Amino acid sequence: MRLYENTTIAAIATPPGYGGIGVIRLSGDDSLKCLQSLLDTKKATELVPNQVSLQSLIHSESGQVIDEALITYFRSPHSYTGEDVVEISCHGSPVVLTEILRLLASSGAELAKPGEFTLRAFLNQRIDLSQAEAVNDLIHSQTRYQAQLATRQLRGEVSKQLKPLKNALVEMIVYFESSLEFVEDDLDSLNIERFQLQIDILCSSVQKLISSYQLGRLVKSGIKLAIVGQPNVGKSSIFNALLGRDRAIVSAIPGTTRDTLSEVLAIKGIPVELIDTAGIRETQDVIENLGVERTQSAIADADLVIAVIEASHNPTTLELTFLSLLPFDLLVINKCDLEMAFDEEFINAIKQNKPVAEVSALTNQGIGELQDLIHSTLSSGSLPIQEGGIITNERHYQALLSTSESLLKAKQDLDLGFSEEIILVHLHEALRCLGIITGETLIGDIINQIFATFCIGK
Ligand SMILES: Nc1nc2c(ncn2[C@@H]2O[C@H](COP(=O)(O)OP(=O)(O)O)[C@@H](O)[C@H]2O)c(=O)[nH]1
Ligand SMILES: [Mg+2]
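Here's a quick rundown of the structure. What you are looking at is a predicted structure, and each value in this text was computed from that prediction instead of being measured.

Let's talk about the packing of helix 13 (residues 394-415) against helix 14 (residues 420-438)
So, point 1. Relative to each other, helix 13 and helix 14 sit at 165 degrees, their axes nearing to 8 Å. The pairing of helix 13 with helix 14 is recorded here as roughly antiparallel in orientation. Handedness of the crossing formed by helix 13 with helix 14: left-handed. Here helix 13 contributes Arg395, His396, Ala399, Leu400, Ser402, Thr403, Ser406, Leu407, Lys409, Ala410, Asp413 and Leu414 to the contact with helix 14, which in turn contributes Ile422, Ile423, His426, Leu427, Glu429, Ala430, Cys433, Leu434, Ile436 and Ile437.
So, point 2. Class assignment for the residues of the contact of helix 13 with helix 14 results in 13 nonpolar, five polar and four charged.

What follows is the structure, given as structure tokens:
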């Protein structure tokens, strides 16, 4: 199946709206020819590759100057897509940009589909599939951490980590294939042991990457965190303290927060949608009651629930019942600047074996520790990102699971004394699964699906 025709494509590469600069990108054999239709006296073929030149863009129909633009020409194969590429940086006016695009289209360029430039880069082997996906991740990253991970993947980190695994697999496959061809005897026990060991080493490397997805998934997609508790325990104050600014209204009047309020922040690189809720209590107030209902659905929706109690007053029976019914993940004892009104035994009884943080939202005491606790509860002790490769992509994760499965089967069948042919089936399958990640083994439909999530012009 052909994934693209040999056409020249064009698109506005900058976001819609007004801006200082707007960029139009062309890629394909006829890029210079299409550009020529906008130039007056300058010959497009005389443009020096990788150099910027200032040119007037002329309306081919009216002969009027549309804009002054900086033109950069990248000659194939030394370009983003591997084809001839022209980038036109003009003023960021939607009118100017659409007019230029229209004129380019009328001189033969086709309008690019989402992600088509990067798709071409992949098909022309400028980048592998995991790098192409990283381009999209980088563009859509919301936290610095996400951007950092995407940049590392874009620089080929995932591919680099898979390379020794693939080499080891290929080495084994070559051995088994050649033993099929040339050796009459079965595998001797010494060799079986050697291969079992090699497969074990491979399995543990694959497993390491698989486990990194627990944190990688969170960093990629973020989580919802709801702060819940009785009125006046300091939920809104904790919300503000975590956020680092006064977003929610804080007051001594119970029932102040009527509606759920949410803000996005990054806690150690994980994007967290923080939700402040109305305190849960029986009330006659219709609006407050609606707030309480919303709190209940926020709890149901949240990936992590923080229950807040206050240190300064004795818990009522109602509060105890409330806590025993609440499905929380972390207990926060707030107002620790005041005197503690209950003892450890009481806390042990209510904390349901969940981690506890003692904070004062008023003085900020313990807020850093609370962030650490949120992070460690979420990542269940996964390694920090700096300490090794991390998988953030569900597709890569699934492919690694299948790789691991095939490796285990190979090992099992080796143990059971099966023939080389059978072992080879599993080893080939493991190699094929690893190839899915970098795109060496993948069918066209899936590739199209991946690039359809890109923006136009990338
Ligand atoms: N002393 C002290 N007062 C606090 C602390 N956190 C909140 N408060 C006070 O407790 C009252 C209720 O706070 P608020 O955040 O509105 O509670 P919410 O109803 O649970 O959202 C306000 O008067 C806050 O100033 C704290 O850590 N120490
Ligand atoms: Mg509140």
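Some points on the site of ligand 1
So, point 1. Ligand 1 sits among 17 residues. The nearest are Asn232, Lys235, Ser236, Ser237 and Asp337.
So, point 2. Between ligand 1 and Gly234, the relevant distance is 2.9 Å, taken from an oxygen atom to a main-chain nitrogen or oxygen of the residue.
So, point 3. Measuring from an oxygen atom of ligand 1, one finds a backbone N or O atom of Ser236 at 2.9 Å.
So, point 4. Here ligand 1 has 580 Å² of accessible area as a free molecule, and 86% of this is covered by the chains.
So, point 5. Ranked by residues supplied to the shell around ligand 1, first place goes to helix 8 (residues 235-243) with three residues.
So, point 6. The residue makeup of the shell around ligand 1, split by class, is seven nonpolar, seven polar and three charged.

Rules used in this analysis
- Residues numbered from 1 in each chain as written.
- Chains lettered and ligands numbered in written order.
- Predicted model: local features only at pLDDT ≥ 70, side-chain atom pairs only at ≥ 80, totals over all residues.
- Heavy atoms only, no water.
- Axes fitted to C-alpha atoms, helices over the stretch in contact; angles between N-to-C directions.
- Helix = DSSP H or I, 4+ residues; strand = E, 2+ residues; numbered from the N terminus.
- Parallel < 35°, antiparallel > 145°, perpendicular 65-115°, else oblique.
- Left-handed = near helix turned anticlockwise from the far one by under 90°.
- Contact = heavy atoms within 4.5 Å.
- Nonpolar A, V, L, I, M, F, W, Y, C, P; charged D, E, K, R; others polar.
- Near = heavy atom within 4 Å.
- Polar contact = N/O pair within 3.5 Å; in protein donor to acceptor, adjacent residues only side chain to side chain.
- Areas by Shrake-Rupley, 256 points an atom, 1.4 Å probe, with all protein chains shown as cover.

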